[in-house]
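Breakdown of the fold
The primary structure of each chain is shown beneath.
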Amino acid sequence: MIIHVDLDAFFASVEQRDNPKLKNKPVIVGGSAFATRGVVSTASYEARKYGIHSGMPLFRARMLCPQAVFIPVNFAKYEQVSQRFFSICASYSPLIEQASLDELYIDLSDTQLLWPGSLWVARQIQSRVQKEIGITCSIGISAQKTLSKIASGIHKPNGITFVKPGVEKQFLAPLKIGDIPGCGKQTQKLLQAIKVKTIGDLAQIYPDHIMLLVGKNGLHLWNIANGKDDTAVKIPDKTKSSSRSITFSFDTNNVSFVEAMLFYLCQKVAFDLRTMRVGGSCISITVRTSEFETHSIQCTSKEPINTAFILFTFARQLIWKLWNGITLIRLIGVGISNFHSIESQSTTSNQLKLGFHLNEINKQGIKWFRLESSLDALRKKYGFLSITPAVLLNSRVSYLK
Ligand code: TTP
Ligand code: MG
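Criteria and cut-off values
Residues numbered from 1 in each chain as written. Chains lettered and ligands numbered in written order. Predicted model: local features only at pLDDT ≥ 70, side-chain atom pairs only at ≥ 80, totals over all residues. Heavy atoms only, no water. Helix = DSSP H or I, 4+ residues; strand = E, 2+ residues; numbered from the N terminus. Near = heavy atom within 4 Å. Polar contact = N/O pair within 3.5 Å; in protein donor to acceptor, adjacent residues only side chain to side chain. Nonpolar A, V, L, I, M, F, W, Y, C, P; charged D, E, K, R; others polar. Phe/Tyr/Trp six-rings, centres within 6.5 Å; stacked < 30°, edge-to-face > 60°. Buried < 20%, exposed > 50% of the residue type's maximum accessible area, 1.4 Å probe, protein only. Lys NZ or Arg CZ within 6 Å of the ring centre and 35° of its normal. Donors = N, O, S within 2.8 Å, 3.2 Å for Na, K, Ca; no water. Tetrahedral: all angles 85-135°; square planar, octahedral: opposite > 155°, others 65-115°. Pairing = 2+ DSSP bridges. Axes fitted to C-alpha atoms, helices over the stretch in contact; angles between N-to-C directions. Contact = heavy atoms within 4.5 Å. pLDDT = per-residue confidence, 0-100. Patch = residues over 30% accessible without salt bridge, like charges linked within 9 Å, V, L, I, M, F, W, Y side chains within 5 Å. Areas by Shrake-Rupley, 256 points an atom, 1.4 Å probe, with all protein chains shown as cover. Salt bridge = Lys/Arg side-chain N within 4 Å of Asp/Glu carboxyl O. Left-handed = near helix turned anticlockwise from the far one by under 90°.

1. Some remarks on unusual backbone geometry
Glycine aside, the phi torsion of most residues is negative, and most peptide linkages are trans. Residue Pro157 follows Lys156 across a cis peptide bond; omega there is -10°. Note that Pro157 resides in the loop between helix H6 (145–152) and strand E8 (160–162). Its identity as a non-glycine residue notwithstanding, Asn24 has a phi of 60°, on the positive side. Residue placement: Asn24 occurs in the loop between helix H1 (10–18) and strand E2 (27–30).

Right under this line is the structure:
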């Protein structure tokens, strides 16, 4: 059996948990602290009654429900909660796939003898998530991955939906085609045009007909509708790249501000690299203009990089190839890929092991590596911004997390 677990109104539930005054109130999470624009990330179930949903512009949500409490997104906090959520679920099976911050699949095939049953595991997870994290989740259980995901959405919030093997098709028949993940608005329109509204309708037409209409994905949807799905739960490959970006709440061409933000992103990326004990050698920069044009550029360093100082020297050169310092921009991003493990360096020199790449690029390299590694320890204990280069103090630190 495969279990799909999805946290209820995730960001909003975490905010309600942390501020008891918000319990049972409409809470809308979205945007940054100083954003004048932005969209709803999520809304508490109390706020959803007013028609508010993810992706809606914040100004519209304010119009629909002025009495709601609006809270900016705090990713760092939700990431921490997400990690605890994962570790609770991982104690029931090693075959676990995290699909997003708040949802994951657990395949119980190899561990079924360990537990009294999949329903028992689901109840355990629900009660532990409630007790240990303080929020609720909804769970779907079936013999198929996609079906379990559909099922977890049926009795939200705080529900468990169990679909017995053998009755998949009957269970799905009355549901809307839009309930199948991957059946987007466009596909729904095309299918509705031939009077296919429910999953049962979809199951009954010829697969060739659907494929003609919506392409290859049609066959996948038809199989799901007919209770056929052999998609496996898979442990994701190790991370192969790392990237960070910032959307400003106003468009800017302030060079020192943009460079300071670029340096900040480099610190975030380098911190992630050191945490993973890797260095990367393919550096990329993304800039999105106020006109929503997105430009990217990349380069390769001779040696793998894992310090913000070196990464920034590359990133700064790259951004000036993309940007004239005049065009207004709304987003910048820094990415790095082509990872090399630090442990796999064949050198025996301690110094090179520590800052293996840096001597070649810059005589100061080792110093930077040592400095930044010491900052890592402080940041892991007290938060990323507990210590920061002075250059960021002059920028709008309110953006940073
Ligand atoms: P979802 O699981 O889709 O939504 P949810 O957990 O808020 O509500 P539900 O009870 O229906 O599961 O997404 C998880 C989180 O991801 C959500 O709390 C906020 C974030 N998110 C966005 O930031 N933007 C989006 O458009 C969506 C859909 C989610
Ligand atoms: Mg959710």
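2. Quick look at the site of ligand 1
Ala9, Thr42, Tyr45, Arg48 and Asp102 are the nearest of the 13 residues found near ligand 1. Taking Leu7, its main chain carries an N or O atom lying 3.0 Å from an oxygen atom of ligand 1. Separating an oxygen atom of ligand 1 from a side-chain N or O atom of Thr42 is a distance of 2.5 Å. At the level of elements, strand E1 (2–7), H1, strand E3 (40–43) and helix H2 (45–48) are the ones that each hand at least two residues to the shell around ligand 1. Classifying every residue of the shell around ligand 1 by side-chain character gives five nonpolar, three polar and five charged.

3. A short note on the packing of aromatic side chains
Across all of its chains, the model carries 13 aromatic pairs by this definition. Ring centres 5.2 Å apart and planes at 55° place the aromatic pair Phe248 and Phe257 in the tilted group. Of the residues examined, Phe257 reaches a relative accessible area of 7% and is grouped as buried. Among the aromatic residues, those joined into a ring-pair cluster are Phe10, Phe11, Phe75 and Tyr78. In this structure, Arg48 packs its charged tip against the face of Tyr45, placed 4.3 Å from the ring centre. Above the face of the Phe70 ring, Arg62 is positioned so that its terminal group lies 4.4 Å from the ring centre.

4. Topic: the coordination of the magnesium ion (ligand 2)
Around the magnesium ion (ligand 2), the protein contributes the donor atoms Asp6 (OD), Leu7 (O) and Asp102 (OD), at 2.0 to 2.2 Å from the metal centre. In this structure, the magnesium ion (ligand 2) is coordinated by six donor atoms arranged in octahedral fashion, with angles at the metal of 81 to 174°. Mapping the donors of the magnesium ion (ligand 2) onto the primary sequence gives the spacing D-L-x94-D. Of this pair, Asp6 sits in strand E1 while Asp102 sits in the loop between strand E5 (96–100) and strand E6 (103–107), and the two are 96 residues apart along the sequence. Like Asp102, Asp6 is buried.

5. Structural notes on the sheet that holds E2
Strand order in the open sheet formed by three strands is E3-E2-E4, with mixed pairing between adjacent strands. The sheet is open, and its two borders are formed by E3 and strand E4 (69–71), each paired with just one other strand. Each adjacent strand pair in this sheet contributes to an overall mean axis angle of 25°, direction not counted. Note that E2 and E4 share three bridges and pair parallel.

6. Some thoughts on the side chain of Thr252
Position of Thr252 among the secondary structure elements: in strand E9 (residues 241–252). Look at Thr252 and you get buried, because its relative accessible area is 5%. Polar side-chain contacts of Thr252 include one of 3.0 Å to the backbone nitrogen of Asn254. Setting aside chain neighbours within four positions, we find Thr252 in contact with Phe257, Val258, Trp323, Thr327, Leu328 and Ile329.

7. Quick notes on the environment of Ile224
Here Ile224 lies in helix H11 (residues 217–225). We classify Ile224 as buried; its relative accessible area is 4%. In the structure, Ile224 is positioned 62 residues away from Thr286 in sequence and 38 Å away in space, judged by C-alpha atoms. Residues in contact with Ile224, not counting those within four places in the same chain, are Thr146, Ile150, Leu172, Ile180 and Asp229.

8. So, the confidence of the model for the chain
Mean pLDDT over the chain stands at 89; residues scoring 70 or higher make up 91%. Within the model, pLDDT remains below 50 along residues 344–359, and this stretch shows 29 contacts once partners closer than five positions in the same chain are excluded.

9. Description of a nonpolar patch on the surface
A cluster of nonpolar side chains, namely Leu378, Tyr382 and Ile387, defines an oily patch on the protein surface of about 280 Å² accessible area. Examined against the element boundaries, Leu378 turns out to sit in helix H16 (residues 365–382).

10. Brief notes about the sheet that holds strand E7 (residues 137–142)
Pairing in this open sheet of five strands is mixed, and the strands run E5-E6-E1-E7-E8 from one edge to the other. Lying at the two open borders of the sheet, with one neighbouring strand each, are E5 and E8. Across the sheet, the mean angle separating the axes of adjacent strands is 15° when strand polarity is ignored. Relative to E6, E1 is paired through five bridges, and the arrangement is antiparallel. When the sheet's bridge partners are listed, Asp6 is paired in E6 with Glu103.

11. Overview of the packing of helix H4 (residues 75–90) against helix H5 (residues 118–133)
Angle between the axes and distance between the axes: these two values describe a pair of packed helices. Interhelical geometry of H4 versus H5 gives an angle of 145° and a closest axis separation of 10 Å. The way H4 lies across H5 gives a crossing that is right-handed. Taking contact as the criterion, the partners of Val81, Arg84, Phe85, Ile88 and Cys89 in H4 are, on H5, Ile125, Arg128, Val129, Glu132 and Ile133. Per-class residue counts for the contact of H4 with H5 are seven nonpolar, no polar and three charged.

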